[in-house]
Every structure is written in C-alpha cells, then in structure tokens.
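Observations on the three-dimensional arrangement
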Amino acid sequence: MALEHAILVSLTERDGSGYELARRFDRSIGFFWGATHQQIYRVLKRMTEAGWLSNELVPQDGRPDKKVYRVSEQGRAELRRWLAEPGEPAILRDELAVKVRGASLGDSAAVLAEVRRHRDRHAERLDVYREIEKRDFPNPDGLTGQDLHQYLVLRGGVRAEQSFVEWCDEVAEALDRENR
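No experiment lies behind these values; they were computed from the predicted model shown.

1. Concerning the overall build of the protein chain
- Of the regular secondary structure elements, the protein chain holds 7 helices and 3 strands.
- Reading the protein chain from its N end, one meets helices and strands in the order α-β-α-α-β-β-α-α-α-α.
- Long-range pairs, those at least 24 residues apart, make up 56% of the contacts in the protein chain between residues at least 6 apart in sequence.
- The distance from the centre of the 29 positive side-chain charges to the centre of the 32 negative ones in the protein chain is 3 Å.

Structure follows, in structure tokens:
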C-alpha cells in the first residue's frame, strides 16, 4: 500500500488541512500506517498534481490561510481501483524477532531486556486501543458502514497487540529459564 491510499481513505472520511491530516496519522491511521508530517505534505502535493485531490484556501485570523484538501472524483476512482486490487498478506518483519533468534550469538540478557521493553510498549498501545474502543465504540453490535470498518481495523490492532504482548511474555519466560 502506498501512503497515497491511506491519505485517500482519511480524506474521504473527512476533508482536512495537511496539519489536520498529520494529526489524524498521529492519533488513528498512524497506528496502522505510519508517516512523518514531511512525507504527508510531499504526498499531498503529488496527489494534487495528479488530480486526486483538490484544495481550497480558508482564511484564518492572525495566521496564514489554511489549505483544506478534499478527494476529487479522480481520487475516488483511484481509491475504488485500489480497494478492488488484490493485496499480499502481511509478512512479519520485526527487528525484535531477529534479535531473539540471534540471542545466543551475543548478550542474551540484553535481548531479554529488549523483549521486556517491547512488551511494555505493546501493552501501552493495547491500553490505548482498548480506551479508544470503549470511548468510540461502546455498542459495536449495531455498527454499520464507516463506523463498522473503523471498529474492525481497531479490533485487528487490539488482537495484534494482545498477541505481541503474549509472545513477548513467552519469550521472556523462556529466556529467563535459559539464563538461570
């Protein structure tokens, strides 16, 4: 997937400025597809030049005008094309997994510390996802359309983080046993 498609999805859900879009990436879409603010601005320019987006300058008091982006019909056609295109299943590419595999080649206590650090970060992210779920989707059985789709992606994130926390616990327990 290209960043362009993540931006098309986000701007189809709600028009916004580059700054607003970057904040959405920081708080929601970025949990699943990361991008720096600089990348987002570069891609917005490229997408506008390609005709996938249009923008409108909105005057602001005491600040420069704000450029608000919206998806054009060309952009909607590209999004429909991409949504219908078969994709490849995700492949786990994780630096921690390679470190665990190579733990016997170096300092396995340092690898264990890294596993615990990762476990804590994934547990924190899991807590954030659960809070979002509780706040935004208190009654998931009645969801449809965009709300249902956002909920399903969030549930995928919850399950992925749960799985990673459990794996880190398993690895830490095994490395602890080995180091005794």
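2. Describing the UniProt feature "domain: Transcription regulator PadR N-terminal" (unreviewed entry) in the protein chain
- Feature annotation in UniProt assigns "domain: Transcription regulator PadR N-terminal" (unreviewed entry) to the following positions: residues 7-80.
- Its end C-alpha atoms 14 Å apart, residues 7-80 is made of 51% helix and 26% strand.

3. Describing the environment of G34
- With respect to the element layout, G34 can be found in the loop between α2 (18-27) and α3 (37-49).
- The exposure class of G34 is exposed, given its relative accessible area of 57%.
- Distance from G34 to L3, taken between C-alpha atoms, is 8.4 Å for residues 31 residues apart in sequence.

4. So, α2
- Looking at α2, one finds that the buried residues are G18, L21, A22, R24 and F25. Taken around the axis of α2, the buried residues stretch over an arc of 155°, which confines them to a single face.
- As for α2, its buried residues are in contact with α1 (3-13), β1 (16-17), α3 and β3 (63-71).

5. What about the pairing of β3?
- The pairing of β1 with β3 spans 2 bridges and is antiparallel. Each bridged residue has a counterpart across the sheet, and for G16 the counterpart in β3 is Y69.
- Pairing between strand β2 (residues 53-60) and β3: 7 bridges, direction antiparallel. Opposite L53, over in β3, you have V71 as the bridge partner.
- Hairpin connection between β2 and β3: a loop of 2 residues separates the two successive antiparallel strands, and G62 in this loop has a positive phi of roughly 70°.

6. With respect to the nonpolar core
- With 20 residues, the main nonpolar core has I7, L11, F25, I40, L44 and L53 as its most contacted residues.
- Only α1, α2, α3, β3 and α4 (73-84) provide two or more residues apiece to this core.
- Of the residues forming this core, the biggest block, 5 residues, is contributed by α1.
- The contacts of I7, once residues within four sequence positions are left out, are L21, F25, I40, V43, L44 and M47.

Procedures and definitions
Residues numbered from 1 in each chain as written. Predicted model: local features only at pLDDT ≥ 70, side-chain atom pairs only at ≥ 80, totals over all residues. Heavy atoms only, no water. Helix = DSSP H or I, 4+ residues; strand = E, 2+ residues; numbered from the N terminus. Contact = heavy atoms within 4.5 Å. Lys, Arg positive; Asp, Glu negative; His and termini not counted. Charge placed at Lys NZ, Arg CZ, Asp CG, Glu CD. UniProt positions renumbered as here; feature names shortened; annotations may be inferred. Buried < 20%, exposed > 50% of the residue type's maximum accessible area, 1.4 Å probe, protein only. Arc of directions from axis to C-beta. Pairing = 2+ DSSP bridges. Core = buried A, V, L, I, M, F, W, Y, C linked by side-chain atoms within 4.5 Å.

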